[in-house]
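Single-letter residue listing:
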Amino acid sequence: MSHLQNKKILITRASHQTKSFSKQMESLGAKCVSLPMIAIRPIEDQSHVQKQLQDLENINWIVFTSVNTVNYFFEAIEKFNIKVHFLTDLRIATVGETTKAALEKIGYRSNFVPIEYTAKMLAKQLPIFGDERILIPQSSKANNEYVELLKDQCQEVITLPIYENYSPIYSKGEIETVLKERLDWITFFSGSAVTNFYEHLERYELELGDEKLAVIGPSTNEVLEKYGSVATIMANPYTEEGLIAAIKKI
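Everything in this summary refers to the structure shown in the same document. Just so it is clear, the structure is predicted and the values come from calculations on it, not from any experiment.

### Section: the overall build of the protein
On a plain count of helices and strands, the protein comes out with ten helices and ten strands. Its C-alpha atoms give the protein a radius of gyration of 19 Å, within 12% of the compact-globule value 18 Å for 250 residues. Dimensions along the principal axes, computed over C-alpha positions, put the protein at roughly 55 × 35 × 30 Å. Looking at the protein as a whole, 51% of its 250 residues qualify as buried. Contacts in the protein between residues at least 24 apart in sequence constitute 67% of all its contacts with a sequence separation of at least 6. As presented, the protein carries roughly 12900 Å² of accessible surface, and 46% of it is formed by carbon and sulfur atoms. Between the centroid of the 27 positive side chains of the protein and the centroid of its 32 negative side chains there is a distance of 6 Å.

If you want it as structure tokens, here you go:
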């Protein structure tokens, strides 16, 4: 019998991203509770997106840091009828195997994946030589620390907000109901989810008990620490599979 049998795990990621993680945890005997702390939508004004996509022939690299950036980017490509396949000199970098797989699913291949699944490592390892123009589709709330590293190495880095994440608003009663589940684990897949979760706790003057906290990677952990909390585990590699493996070991 798995030691996760009947353990209750809170999933805070966006609702459209919970299925795979929930299915795998439940196969190990866990009981999953979903409380999405992020919802995602395309940015309202798409004019800048359209303009930038029409200039792809002058871009050397596109960098995708998440599955969401892949999906929203290619939705925009289709919406604005942009032709990409003929851009034979355009190269694509992806952070992580999941992002790479999402790209391959729609018929494109990644030219570069960093050995460590972080945007910072990508900025250090991307094979650029100084004259490249790099396009980075991203969330409107993206952490651009790694972008500054890239700017020191190439001609131009263009960040393109293509979608936005926002926090669903829950009532005090809804949050209390979830916390009364006597959760064993709370999982965080992004810094935004951490922020939104703790803002709810502060708004309603609620406190956690002895729940274990699991984070997907270093940037998410940094946000957690800003709220004075300590992660029990951090995924390694920084993927959904890595997080599941880490939880299984505890």
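### Points about the nonpolar core
If you look at the biggest cluster of nonpolar residues, it comprises 53 residues, and the most contacted ones within it are Leu 53, Leu 56, Phe 73, Ile 175 and Phe 188. With six residues, helix 3 (residues 67–79) is the single largest residue contributor to this core.

### Focus: the packing of aromatic side chains
Tallied over the entire structure, the rule returns ten aromatic pairs. Between Phe 188 and Phe 197 the ring centres are 5.5 Å apart and the planes differ by 65°, which places this aromatic pair in the edge-to-face class. Here the two residues Phe 188 and Phe 197 agree in accessibility, since each one is buried. When the ring of Phe 197 is compared with that of Tyr 198, the centres are 5.6 Å apart and the planes differ by 80°; the resulting orientation is edge-to-face. For the pair formed by Phe 197 and Tyr 198, the shared burial category is buried. Members of the aromatic cluster, each reached through a chain of ring pairs, are Phe 64, Phe 73, Phe 74 and Tyr 108. Here Arg 13 stacks its cationic end above the ring of Phe 189, 3.8 Å away from the centre of that ring. For the cation-ring pair, Arg 203 lies above Tyr 204, with the distance from its terminal atom to the ring centre recorded as 5.9 Å.

### Concerning the pairing of strand 7 (residues 156–166)
Relative to strand 7, strand 3 (residues 39–42) runs antiparallel, the two being bridged by four bridges. Within strand 7, the position partnered with Ile 40 by the bridge is Asn 165. Taken together, strand 6 (residues 133–139), helix 6 (residues 145–151) and strand 7 form a β-α-β motif whose crossover is right-handed.

### Description of the sheet that holds strand 4 (residues 61–64)
Judged by pairing direction, the sheet is mixed, and its five strands sit side by side in the order 3-7-6-4-5 without closing on themselves. Edge strands, defined here as strands with exactly one partner in the open sheet, are strand 3 and strand 5 (91–94). Sheet twist, expressed as the mean angle between neighbouring strand axes with direction ignored, is 30°. Summarising the sheet, strand 6 and strand 7 pair through seven bridges and their orientation is parallel. By the bridge assignment, Gln 138 is partnered in strand 7 with Pro 161. Across the sheet, helix 4 (residues 97–105) touches strand 4 and strand 5, and the angle it forms with strand 5 is around 140°.

Parameters and conventions
Residues numbered from 1 in each chain as written. Predicted model: local features only at pLDDT ≥ 70, side-chain atom pairs only at ≥ 80, totals over all residues. Heavy atoms only, no water. Helix = DSSP H or I, 4+ residues; strand = E, 2+ residues; numbered from the N terminus. Rg over C-alpha atoms; globule rule 2.2 N^0.38 Å. Buried < 20%, exposed > 50% of the residue type's maximum accessible area, 1.4 Å probe, protein only. Contact = heavy atoms within 4.5 Å. Areas by Shrake-Rupley, 256 points an atom, 1.4 Å probe, with all protein chains shown as cover. Lys, Arg positive; Asp, Glu negative; His and termini not counted. Charge placed at Lys NZ, Arg CZ, Asp CG, Glu CD. Core = buried A, V, L, I, M, F, W, Y, C linked by side-chain atoms within 4.5 Å. Phe/Tyr/Trp six-rings, centres within 6.5 Å; stacked < 30°, edge-to-face > 60°. Lys NZ or Arg CZ within 6 Å of the ring centre and 35° of its normal. Pairing = 2+ DSSP bridges. Right-handed = clockwise from strand over helix to strand, strands pointing away. Axes fitted to C-alpha atoms, helices over the stretch in contact; angles between N-to-C directions.

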